[in-house]
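Notes for the structure review
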2 protein chains.
Amino acid sequence: MLTYSFDHIGKASMYEHLYSCIKNDIGSGVLHAGEKLPSKRSLAANLGISTVTVENAYNQLISEGYVCTIPKKGYFVADIPRKSDRSKAIPAPEIRLPAPKKQYEIDLSGNQISSENFPFTVWARLMRETISDRSEELMQAAPGGGILLLRQAIAEHLHAFRGMNVDPAQILIGAGTEYLYGMLVQLFGKDKIYCVENPGYQKITQIYRCNEAECRFAGMDEQGLSVASLRQTDADIVHISPTHHFPTGITMPIGRRYELLAWANEREGRYIIEDDYDSEFRLDGRPIPALQSIDVSEKVIYMNTFSKSLASTMRIGYMVLPPHLVNRFYEKMSFYACTVSNFEQYTLAEFMRRGYFEKHINRMRLFYAKARSRVLSCIRSCPLAPFCEIEEKDSGLHFLLRLHTELEDQTICRNLEEKGIHFAALSEYDQEGKAADRHVFLLSYSHIDLEKLPYALETIKSLLEQGAKS
Amino acid sequence: MLTYSFDHIGKASMYEHLYSCIKNDIGSGVLHAGEKLPSKRSLAANLGISTVTVENAYNQLISEGYVCTIPKKGYFVADIPRKSDRSKAIPAPEIRLPAPKKQYEIDLSGNQISSENFPFTVWARLMRETISDRSEELMQAAPGGGILLLRQAIAEHLHAFRGMNVDPAQILIGAGTEYLYGMLVQLFGKDKIYCVENPGYQKITQIYRCNEAECRFAGMDEQGLSVASLRQTDADIVHISPTHHFPTGITMPIGRRYELLAWANEREGRYIIEDDYDSEFRLDGRPIPALQSIDVSEKVIYMNTFSKSLASTMRIGYMVLPPHLVNRFYEKMSFYACTVSNFEQYTLAEFMRRGYFEKHINRMRLFYAKARSRVLSCIRSCPLAPFCEIEEKDSGLHFLLRLHTELEDQTICRNLEEKGIHFAALSEYDQEGKAADRHVFLLSYSHIDLEKLPYALETIKSLLEQGAKS
C-alpha cells in the first residue's frame, strides 16, 4: 500500500500533495506501468484522509494521463515514456534582440511626431465616457471591417478633407497599414506581381516579400512614378504615395495620375494602392485630390493611417476598397476579426464625430507650419545657406536639402553620425542599393530640436568646407 | 483675359474660387493645352484682386499638374488627358455585406463570454492612470514584440499559472491569435505543410489557407490528436489545443504529449503550435502542465489570448517562441511594428502587475463553475435526463451532451433552429465535412440564459420522442 507523509506539506492542499507524491513515484519508476493502485477507499483509510481527497488526486492523475481507469477493475499506472526517453536537450541558444534604434544628439531626418501634441486630456475623457456608456457594445464582436460608427466618421472625414465619396461599407479598419498590406496580399494572392516606388519606403517592400509576394521596383521622375518604368516591371499591382512621395516629397500631378489610371484600365486584375499616409499635412494650398476620387473604374485602393495625424503607437489604419473588392474581401476573408480594440475604435469614433480630430489636425498644421518656417529661416540665415538649396517643401513633414558638395553622401552621413547628428541622404532610400550620390538630404521638422539646429547646420557647413579643401 | 465673378463665392476663399474657375475651364476645354495664362500681376489687376491671391491659385494648379511654369516665359495650361479620355466607367456593383451573425432566442452552443463580468471600473481607472502617468512612453514606438512591462507581466503569469519558465524576450504580443498565426506562416514560409485537428476549429484552417499555406487534417482519438494520423499528413507543423480541444473538450494526457514531442524531434523543421486558448478555465483539479513546459528541444510554440480570460473585443494575443525561433523572428521580421496599441498594452500590464488579472480569473472561475453546476443540475433533473449523457465536463467553457437518438444531427439542429434554439453538433466541426452523425452536441455555459434552459431541454426531449415514433 502507498504510504506518504502529510506533515510539512506547506501551502499545497491535501489532494495536491497526494497527487504530487504519486506522480513522482510514477515518474521515477517506483510505480511501474500497469501496476494497480489501491482503491480510493482503502488508500484513504491507510493514509487517514478522506476518500474525496484521494478521488481528487486520482482524477488529476487521470486527466494528465499518469493513471488510467478500467471500469470495474480499478486504477492502474499508465504506460508513459520515462524521462530518459526524452530526446537530448539542445542547449538553448542565447536570444539576440534586434539592435535598439539609434539615439542621436540631433535628429534632422527622424520620422517621429511630437508627443506633447497628443490630445491626452480629451482622449482620456472620451475613453472614460466610452467605457461607462458603451459597456455592452464594447463586449460585442465588431464587424470584420470595424465598428460602423468609426467607419462613418472616417467616410465623413474623407468627404470633407479629401473630397472622396465613400460608402462606410467600403472602409476596412486594421491594426496599422502594415497589417493591411498583408491583408491585400491575401486578397489578391501571392502570384501577383507588386511594384513599389524606387527610391521609396523600404518597409513596404519588406512586407510584400515577407508575405512571399514578388515585389519589383519602378523608377521616379520629377512627376513621381514613371509609367514607362512601371510597364517594364510587368506588375499587376502598383503601390504609390502620389500625394507626397517618401522620401522625395514629390506630388504627382494630375496628368500622371490619369496616365496611371489608364495603365490600370488596360488589363483586368491591375490595381493601384494609393498610400495617403500624411496627406493631412499639406501646408501650402489646398490638398491635392486623391487618386481614389478621380477613379471611375474601381482600380484604386485608398489607404491611410492615424499614425501621422494622431499617434503611430495607437496602430489604427484603414483602407477603402472599390465595391467589387469589398465583396471579394467579404466572400473570402470575412472570418477574420477586426484587429483594432473596440475600446479604441469607439473612442476614436467619438473623437472624430465631435470635431476633435479636425481641430487636432488644424492645430498640428499650424504647429508644423511654424516649425517649418523656423527651420527654413534658420537655414536661410545660417552660414550653410550659400552651400545648399531647399526643395519640395509644400507637403508632408519634411523637405529636401540639396548640398553643393563633391563629398559622397555616405561620407557626409557617417561623419555627422560620429558627431551625434542623424542626417539621411535620399540615396539611402534606393531600393536596389545602387543609387548614385545625389547630394540631397532629408530634413524632417515634425520633431526637430530647434535649439540645436544652428549647431547642426554649422557642423554640416564645416564638413563641406573640409571636403572642398581635401 | 480670364474674367471670373467673385460674387456669391460662399465659404470658399478668393484663391480657392479662382483656382476652381481656372481648373474647370481647363477640364472642360475652355482653356487649351499649351495656352499661355496671364501673368499674376495682370490677372490680379483685371479681376481687381491681390497678386498674392492669384499666386496661391496658380501654385495650387501647378502642384496638381493643371498648369506648368516655364522660367522667364510664364504660366501655361498643361497637357492633361480630358475627361472623355477616361476609360468607360464600369457601373459599381452593389456591396454585399456578409450575413450578420444569426441571433437566437436561446443559444446553447455560443462562444461569447458574459459582458457584465468585464472589470470596467478598474480598467477605466488604470487607463486614466496610464494616460496621465505615461504620456511620453505612450507616444514612443513599442518594440516589435510588445512593451517590455506587459511581456514581463505575461511571463510571470505563465510561471504562476502554467509552471512555464519563459524569458519575456520570447514573448511576442499581437492583435489577436488570428494575426499571430499569419505571422507564423511568414516566419516558417508557405512551403511548409500545416496540420490541424479534425474535428476542430475551422477558422484556423481558413487562416492557413488564406495565407496560401497547405493545411491538412489529422484525426483524433480519445486522447486527442492521433500521432499515427498526423504522420500520414506528412506535416511539418502541427497546430493543436492539448489542454482543451475544441469542440471535443478532450485533454491530451501526458503520454500522448511525449509522443507528439517525439514526432517533432524526429526531423528538423518540425514544430508544434500549442494553442492554449482557454486554459484558465479548467474547473476541476489543477491545470494540466503546458506542452511548452515539458519541451526541452525548442519544438513548441505556445500561444494564448486574453479573448476568453478578459475580452475578445480587445484583440490581444501573444505567443512564446523557443529561443532559436525568436532569433529567426527578429532577423527576418523585426521591421514590423507591434499591432497592439500602447495605451492598451500599458493598461493591461498594470492590470496584471497589480493582481487584478488573477483576481478576475478567480472570480470568473467561480462564476463559470456556478453556471456549469446550475446547467448540469438542470439537465440531470429535467425530462431529457434519461435520453442523454454528459461528457468532457472538466475543462473550458463547454461540455458535450450525447443524445440517445437515431435522428440525424442535422435534423436536430435544423428543427431546433426553427424554434429559435442554437444547438451545435460535434459533427458540424468535421473539417472535411463528411463526419458521420455522432449524436453529440456542444453545451456552452459561458453566456447561457439559465431561465430559458429548461424550455430548451424540454424542446429537445420532445424532438427525440417524435423522432423515435416516426
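Remember, it's a predicted structure, so these values are computed and weren't measured experimentally.

Taken as a whole, this structure holds 43 aromatic pairs over all chains when the rule is applied. Between Tyr-201 of chain A and Phe-246 of chain A the ring centres are 5.9 Å apart and the planes differ by 80 degrees, which places this aromatic pair in the edge-to-face class. Placement of Tyr-201 of chain A in the loop between strand 6 (193-198) and helix 8 (202-210) and of Phe-246 of chain A in the loop between strand 9 (237-240) and helix 10 (254-265) is noted, with a sequence separation of 45 residues between them. The class of Phe-246 of chain A is buried, set by a relative accessible area of 18%. Ring-pair connections join several aromatic residues into one group, and the members of that group are Phe-118, Phe-120, Trp-123, Phe-306, Tyr-318, Phe-351, Tyr-356 and Phe-357 of chain A together with Phe-343 of chain B.

For the rest of this paragraph, the subject is the relation of the copies chain B and chain A. The transform that puts chain B on chain A rotates by 180 degrees and translates by 0.0 Å along the axis, for an RMSD of 0.2 Å. The transformation just described matches what one would write down for a two-fold rotation axis. The overlap is high: 99% of the interface residues of chain B also sit at the interface in chain A, so the same surface is used on both sides.

Now for helix 8 (residues 202-210) of chain B. Buried within helix 8 of chain B are the following residues: Lys-203, Ile-204, Thr-205, Ile-207, Tyr-208 and Cys-210 of chain B. The first or second residue beyond helix 8 of chain B is Glu-212 of chain B, which carries a positive phi of 60 degrees.

So, on to the nonpolar core. Membership of the largest hydrophobic core comes to 87 residues, with the highest contact counts inside it found for Trp-123 and Phe-343 of chain A together with Trp-123 and Phe-343 of chain B. Beyond its immediate sequence surroundings of up to four residues, Phe-343 of chain A is in contact with Met-127, Thr-130, Ile-131, Leu-138 and Met-139 of chain A together with Phe-118, Phe-120, Trp-123, Thr-313, Met-314 and Glu-344 of chain B.

Another point: the packing of helix 14 (residues 356-380) of chain B against helix 16 (residues 453-469) of chain B. Residue and element names in this part refer to chain B. For the pair helix 14 and helix 16, the least separation of the axes is 10 Å and the interaxial angle reads 40 degrees. One element, helix 14, and the other, helix 16, form an angle in the oblique class. Of the two elements, helix 14 crosses helix 16, and the hand of that crossing is right-handed. Each of Val-375, Cys-378 and Ile-379 in helix 14 lies in contact with helix 16, whose residues at this interface are Leu-453, Pro-454 and Leu-457.

Quoted interface sizes are often the accessible area lost when the parts come together. On the side of chain A, 91 residues touch chain B, which itself brings 92 residues to the contact. Linking chain B to chain A there are two salt bridges. For the salt bridge of Glu-331 of chain B with Arg-96 of chain A, the shortest nitrogen-to-oxygen distance reads 3.2 Å. Element by element, the count of residues in the side of chain B that touches chain A is highest for helix 12 (residues 323-333) of chain B, at eight residues. For the side of chain B that touches chain A, a count of residues per class yields 46 nonpolar, 25 polar and 21 charged.

As a further point, take the sheet that holds strand 8 (residues 224-225) of chain A. Residues and elements named next belong to chain A. If you trace the eight strands from one edge of the open sheet to the other, you get 5-12-11-10-9-6-7-8, paired in mixed fashion. In this open sheet, the two strands that pair with only one neighbour each are strand 5 (171-174) and strand 8. The sheet contacts of helix 10 involve strand 7 (214-221), strand 8, strand 9, strand 10 (271-275) and strand 11 (300-305), and relative to strand 10 the element is tilted by about 140 degrees.

Glancing now at the confidence of the model for chain A. All names here are of chain A. Overall, the predicted model of chain A reaches an average pLDDT of 89, with 96% of residues at or above 70. Between residues 83-92, whose pLDDT stays under 50, and residues either more than four places distant or in other chains, the model counts 12 contacts. Interface confidence for the predicted complex, expressed as ipTM, amounts to 0.84; the pTM equals 0.84.

So, about the packing of helix 4 (residues 120-133) of chain B against helix 13 (residues 342-353) of chain B. Residue and element names in this part refer to chain B. Running from N to C, helix 4 and helix 13 cross one another at 120 degrees; their axes reach a closest spacing of 9 Å. Judged by the angle between their axes, helix 4 and helix 13 are oblique. In this structure, the crossing between helix 4 and helix 13 has a hand that is right-handed. Contact residues: helix 4 offers Val-122, Trp-123, Leu-126, Met-127, Thr-130 and Ile-131, while helix 13 offers Phe-343, Glu-344, Tyr-346, Thr-347, Leu-348, Glu-350 and Phe-351. Classifying every residue of the contact of helix 4 with helix 13 gives nine nonpolar, two polar and two charged.

All names here are of chain A. Tracing the backbone through its elements, the reader meets Gly-219 in strand 7. Owing to a relative accessible area of 24%, Gly-219 belongs among the partly exposed residues under this scheme. Here the alpha-carbon distance between Gly-219 and Ser-63, two residues 156 residues apart in the chain, equals 63 Å. The contact partners of Gly-219, leaving out residues within four places of it in the chain, are Asn-198, Gly-224, Leu-225, Ser-226 and Ser-229.

The rules behind the values
Residues numbered from 1 in each chain as written. Chains lettered and ligands numbered in written order. Predicted model: local features only at pLDDT ≥ 70, side-chain atom pairs only at ≥ 80, totals over all residues. Heavy atoms only, no water. Phe/Tyr/Trp six-rings, centres within 6.5 Å; stacked < 30°, edge-to-face > 60°. Helix = DSSP H or I, 4+ residues; strand = E, 2+ residues; numbered from the N terminus. Buried < 20%, exposed > 50% of the residue type's maximum accessible area, 1.4 Å probe, protein only. Least-squares fit on C-alpha atoms with pLDDT ≥ 70 in both. Contact = heavy atoms within 4.5 Å. Core = buried A, V, L, I, M, F, W, Y, C linked by side-chain atoms within 4.5 Å. Axes fitted to C-alpha atoms, helices over the stretch in contact; angles between N-to-C directions. Parallel < 35°, antiparallel > 145°, perpendicular 65-115°, else oblique. Left-handed = near helix turned anticlockwise from the far one by under 90°. Salt bridge = Lys/Arg side-chain N within 4 Å of Asp/Glu carboxyl O. Nonpolar A, V, L, I, M, F, W, Y, C, P; charged D, E, K, R; others polar. Pairing = 2+ DSSP bridges. pLDDT = per-residue confidence, 0-100.

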